[in-house]
Amino acid sequence: MSVLPLVFTSGWASGINAYAVVLLLGIFGATGVADDVPEALQRPDVLIVAGVLFLCEAVADKIPYVDSAWDSVHTVVRPVTGAVVAALLAGESGSLPELAAGAIGGSTALLSHLVKAGTRMAVNTSPEPVSNIVISVAEDLGVAGIVTFAIFNPVAAAIIAGGLLALGIAVVVILIGRIRRFLRRRAQRREEKRIVTAGGAHRPPG
């Protein structure tokens, strides 16, 4: 069977939590649960680094505004990870050219990352922090569940991932007003911080 469904699903999941994808696939391969996981993802050093970064993301992802800052930093990291994982999976199976797999995984990861980042911006317009925690936990469980399901039934998992991606894009379109409000507030905070910093720099010594 073509590795394309697994490539698509891993790309979608990487856009939400790239470290969880690397960690899960690596563990499945190292424990013998999955035979088609590349050796590069099973290396102990890769698993350790992915585990540490996953824990960092698990904390940062649940704190209002910190989660959006974390998303900004990972605008490049998640698509690149999705592309690399997809290329490795394709190279292991030989059923899909690695360059094509990388393009599919990377572009899918970018789309799901933009959906996640946009949703978090909308959520951060709410003053309470509970919604951040609930959404973050749901994302973590969703990634874990779908990646695990993809190991045993890649086609069905890819269909679910595609449906969730389409639903996420629709939600972001609906929430575009709240996202713009978040961006305006962030720009105002930066401007206020700049003014305070500039004022302190020009204040005469007392």
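One can find the structure itself at the top, above this paragraph.
Residues numbered from 1 in each chain as written. Predicted model: local features only at pLDDT ≥ 70, side-chain atom pairs only at ≥ 80, totals over all residues. Heavy atoms only, no water.

(A) Local environment of the environment of V171. Assignment of secondary structure puts V171 in helix α7 (residues 154-174). Judged by relative accessible area, which is 30%, V171 ranks as partly exposed. (Helix = DSSP H or I, 4+ residues; strand = E, 2+ residues; numbered from the N terminus. Buried < 20%, exposed > 50% of the residue type's maximum accessible area, 1.4 Å probe, protein only.)

(B) Geometry of the nonpolar core. Grouped together as the largest cluster of nonpolar side chains are 38 residues, with contacts concentrated most on V3, V7, W12, L25, V143 and V147. For this core, the secondary-structure elements that each account for two or more residues are α1 (4-30), α3 (44-60), α4 (66-93), α5 (98-123), α6 (130-152), α7 and α8 (176-202). Top element by residues in this core is α1. It accounts for 12 residues. If we skip the residues at most four places from it in the chain, V143 touches A13, I16, N17, A20, V21 and L24. (Core = buried A, V, L, I, M, F, W, Y, C linked by side-chain atoms within 4.5 Å. Contact = heavy atoms within 4.5 Å.)

(C) Focus on the layout of surface pockets. In this structure, the largest pocket encloses a volume near 380 Å³. Lining the largest pocket we find 16 residues, and of these I16, V115, E139, L164 and G168 sit closest to its centre. Taken together, the elements giving at least two residues each to the lining of the largest pocket come down to α1, α5, α6 and α7. Split into classes, the residues belonging to the lining of the largest pocket amount to 10 nonpolar, four polar and two charged. A volume near 260 Å³ is recorded for the second largest pocket. The wall of the second largest pocket is formed by 14 residues, among which V3, L6, D36, I151 and P154 lie closest to the centre. Of all the elements in the fold, those that place two or more residues in the lining of the second largest pocket are α1, α4 and α6. Considered class by class, the residues forming the lining of the second largest pocket number 10 nonpolar, two polar and two charged. (1 Å grid on protein atoms, 1.4 Å probe; cavity = no way out; pocket = protein on both sides within 12 Å on 5 of 7 lines; lining within 4 Å. Points joined across faces, edges and corners; volume = space filled by probe spheres on them. Nonpolar A, V, L, I, M, F, W, Y, C, P; charged D, E, K, R; others polar.)

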